[in-house]
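What follows is the residue order along each chain.
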Amino acid sequence: MNPKPPLARRAFLARIGLLGAAVGAGGLLPRSALGPAPAAEGDPLSGLVGLLRPVLAELSRDTLNGLTVFVVPGTDRYSTAQGTPSDTPGGLAAEGTDFLMNALDNFVPFPDQVAKPIGAALATGLADTGIELPGLDLLPVQLGTLDKALRALLENDATLPLSLPIASTLNLLATQVNPLAVNGPFLSPFARLSYAEKARVFQLLEGQDSDLVALLDVHFPEPLRHSVSGLLKFVGGALIEFATFGAYTEYAVFDERTKQLTGRPVGWQLTGYQPNGPVEGWDDFIGYYQGRTEVHD
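About the criteria used
- Residue indices begin from 1 for each chain and proceed along its sequence in written order.
- Confidence filtering applies because this is a predicted model: local features only for residues at pLDDT of at least 70, side-chain atom pairs given and counted only at 80 or more, and all residues used for totals across whole chains, interfaces and linings.
- Water and hydrogen atoms play no part in the side-chain values, which are based on all heavy atoms of the structure.
- Helix and strand definitions here come from DSSP, where helices need a minimum of 4 consecutive H or I residues and strands a minimum of 2 consecutive E residues; each element is numbered from the N-terminal end.
- A simple rule labels every residue: compare its accessible area, found with a 1.4 Å probe on the protein chains alone, to the largest value its type can have, and call it buried under 20%, exposed over 50%, or partly exposed in between.
- For this analysis, a salt bridge means a side-chain nitrogen from Lys or Arg found within 4 Å of a carboxyl oxygen belonging to Asp or Glu.
- For every residue, the predictor assigns a confidence score, pLDDT, that lies between 0 and 100.
- Whether two residues are in contact is decided by their heavy atoms: any pair within 4.5 Å suffices.
- Centres within 6.5 Å are what make two rings of Phe, Tyr or Trp a pair, Trp counting through its six-membered ring; a difference in plane orientation under 30 degrees is then read as stacked, over 60 as edge-to-face, and the rest as tilted.
- We call a set of buried residues a nonpolar core when its members are Ala, Val, Leu, Ile, Met, Phe, Trp, Tyr or Cys and they connect through side-chain atoms within 4.5 Å of each other.
- Fitting a line to C-alpha atoms yields each axis, with helices limited to the stretch in contact; the angle taken between N-to-C directions then spans 0 to 180 degrees.
- Throughout, the term roughly parallel applies to angles under 35 degrees, roughly antiparallel to angles over 145, roughly perpendicular to angles from 65 to 115, and oblique to all others.
- Helix crossings are classified by the rotation of the near helix relative to the far one: an anticlockwise turn of less than a right angle makes the crossing left-handed, while a clockwise turn makes it right-handed.
- In this classification, Asp, Glu, Lys and Arg are treated as charged, Ala, Val, Leu, Ile, Met, Phe, Trp, Tyr, Cys and Pro as nonpolar, and every other residue, Gly included, as polar.
- Helix span, expected: 1.5 Å multiplied by one less than the number of residues in the helix.

**Q** Quick question: what am I supposed to make of the overall build of the protein chain here?
**A** Helix and strand counts for the protein chain come out as 12 helices and 2 strands. What you see in the protein chain, going N to C, is helices and strands ordered as α-α-α-α-α-α-α-α-α-α-α-β-β-α. Counting every position in the protein chain, which comprises 297 residues, the buried fraction comes to 45%.

Listed below in structure tokens is the structure:
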């Protein structure tokens, strides 16, 4: 892999949201952790990688919060920020993000021959955005240490939750749609976009000529090479479907222990489904109709 100049790497880390989330204003990573890696036996980055995991998890959650409200806006601040506030509860109230992350990280099959090239492509990065970036006070050594720790995570698909490359991809495209999204409220660039800008992200994700397609294509092995656009189109559609499904299920109020609902699901409120609560069967179907005890041809 060819080395990248520090500015390009800084821009890439900002574009996927990591620079702002880790070391920007209110960053989640202590600066002291970014010193030169000590010479030690074993993996010298293991300590920083351990600190980085919860930061990336928060970044992924924030990005997917932006996706959840894009599908079903509600009364939350993410919906307000994208310009579609509502007076009814939405996907976040239904814990749609939790459903989405649980599905991506634990249930969606993602073969190694696909996961590794995506991790390698995201570790390679894209060009500079040409605008002010978070974390400008980081020294080259600190930036290099952060970059190495991210590479260690992305290039090891055995420990890579799927929600992370998904969130990184959405954030990369978010800064392509609006470069100013590298700064602002929320941890992730995608969550900072307006509703129309998020729609543009999915248009790029499902398009065939985006910079992202070209970036990923060179990392895919044969015979998967040249099929990236089709894969990304599938990913774009699946993300919308999963987020919608999560917002309209009983996921948030279903007690796995008792197999009962603990409240009225948000989806039921939005659709008017079962206005009087669950119906445990209909009287007419208990036994035979109108008191009959048997029927004949």
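**Q** Explain the pattern of salt bridges here, please?
**A** For side chains bearing opposite charge, pairing can occur when the charged atoms are close. One pass over the structure, following the stated rule, counts 1 salt bridge. In this structure, Arg 61 and Asp 98 form a salt bridge, with 3.3 Å as the shortest nitrogen-oxygen distance. Taken together, the residues Arg 61 in helix α3 (residues 46-71) and Asp 98 in helix α5 (residues 96-106) connect sequence positions 37 residues apart. We classify Asp 98 as partly exposed; its relative accessible area is 27%.

**Q** Could you clarify how one ought to interpret the confidence of the model for the protein chain in this entry?
**A** A low pLDDT score tells you not to read the predicted coordinates there in detail. Across the protein chain, the average pLDDT comes to 81, with 78% of residues at or above 70. Within the protein chain, the lowest mean pLDDT, 64, falls on helix α6 (residues 112-124), and the highest, 97, falls on helix α4 (residues 77-81).

**Q** What's the story with the side chain of Asp 147 in this structure? I'm lost.
**A** Considering the arrangement of structural elements, one finds Asp 147 in helix α7 (residues 140-154). Residue classification places Asp 147 among the buried positions, given a relative accessible area of 8%. Setting aside residues no more than four positions away along its own chain, Asp 147 makes contact with Arg 9 and Leu 13.

**Q** What is the right way to look at the packing of aromatic side chains in this model?
**A** Given two aromatic rings, one states the distance between the centres and the angle between the planes to describe the pair. A full pass over the atoms with the stated rule returns 7 aromatic pairs. A ring pair is formed by Phe 99 and Phe 245, whose centres lie 5.6 Å apart and whose planes are at 55°; its orientation type is tilted. Of this pair, Phe 99 sits in helix α5 while Phe 245 sits in helix α11 (residues 228-247), and the two are 146 residues apart along the sequence. Note on Phe 245: relative accessible area 54%, which makes it exposed. Their ring planes at 85° and their centres at 5.1 Å tell us that Trp 268 and Tyr 273 sit as a pair that is edge-to-face.

**Q** Help me out: how do you make sense of the nonpolar core in this one?
**A** Nonpolar side chains tend to gather and get buried jointly when the protein is soluble and globular. Among the nonpolar cores identified, the biggest contains 30 residues, and Leu 18 and Leu 52 are the most heavily contacted of them. Elements that contribute at least two residues to this core include exactly α1 (6-15), α2 (18-23), α3, α7 and α8 (163-177). If we skip the residues at most four places from it in the chain, Leu 18 touches Leu 13, Val 23, Leu 52, Val 55, Leu 56, Leu 59, Leu 146 and Leu 150. Ile 166, Leu 173, Ala 174 and Ala 243 belong to the second-largest nonpolar core, a separate cluster that totals 26 residues.

**Q** Please clarify how the packing of α8 against helix α9 (residues 195-205) should be interpreted in this entry.
**A** The relative placement of two packed helices is expressed as an angle between their axes plus a distance between the axes. Remark: α8 packs on α9, axes separated minimally by 9 Å, with the N-to-C direction vectors making an angle of 115°. Between α8 and α9, the angle is such that the two are roughly perpendicular. In this structure, α8 meets α9 at a crossing whose hand is right-handed. Contacts between α8 and α9 pair Thr 169, Leu 170, Leu 173, Ala 174, Gln 176 and Val 177 from the former with Glu 197, Arg 200, Val 201, Phe 202, Leu 204 and Leu 205 from the latter. When its residues are assigned to classes, the contact of α8 with α9 shows 8 nonpolar, 2 polar and 2 charged.

**Q** How should the packing of α3 against α11 be read in this particular structure?
**A** For the pair α3 and α11, the least separation of the axes is 9 Å and the interaxial angle reads 75°. With respect to their mutual orientation, α3 and α11 come out roughly perpendicular. Contacts between α3 and α11 involve Leu 67, Phe 70 and Val 71 on the former and, on the latter, Leu 239, Ile 240, Ala 243 and Thr 244. When grouped by side-chain class, the residues that make up the contact of α3 with α11 number 6 nonpolar, 1 polar and no charged.

**Q** So what exactly am I meant to see when it comes to α11 here?
**A** An α-helical turn contains 3.6 residues, so any two residues separated by three or four positions project in the same direction. Helix length check: α11 (20 residues) gives 29 Å between terminal C-alpha atoms against 28 Å at 1.5 Å per residue, within 8%. Turning to α11, its buried residues are Val 228, Ser 229, Leu 232, Val 235, Gly 236, Ala 238, Leu 239, Ala 243, Gly 246 and Ala 247.

**Q** I tried to follow unusual backbone geometry on my own but got confused; where do I start?
**A** Most peptide bonds adopt trans geometry, and most residues besides glycine take a negative phi value. One non-glycine residue with positive phi stands out, namely Phe 186, at about 75°. By the secondary structure assignment, Phe 186 is in the loop between α8 and α9. With phi around 60°, Lys 259 is a residue other than glycine that occupies positive phi space. Structurally, the position occupied by Lys 259 is in the loop between β1 (254-255) and β2 (260-261). What makes Lys 259 exposed here is its relative accessible area of 58%.

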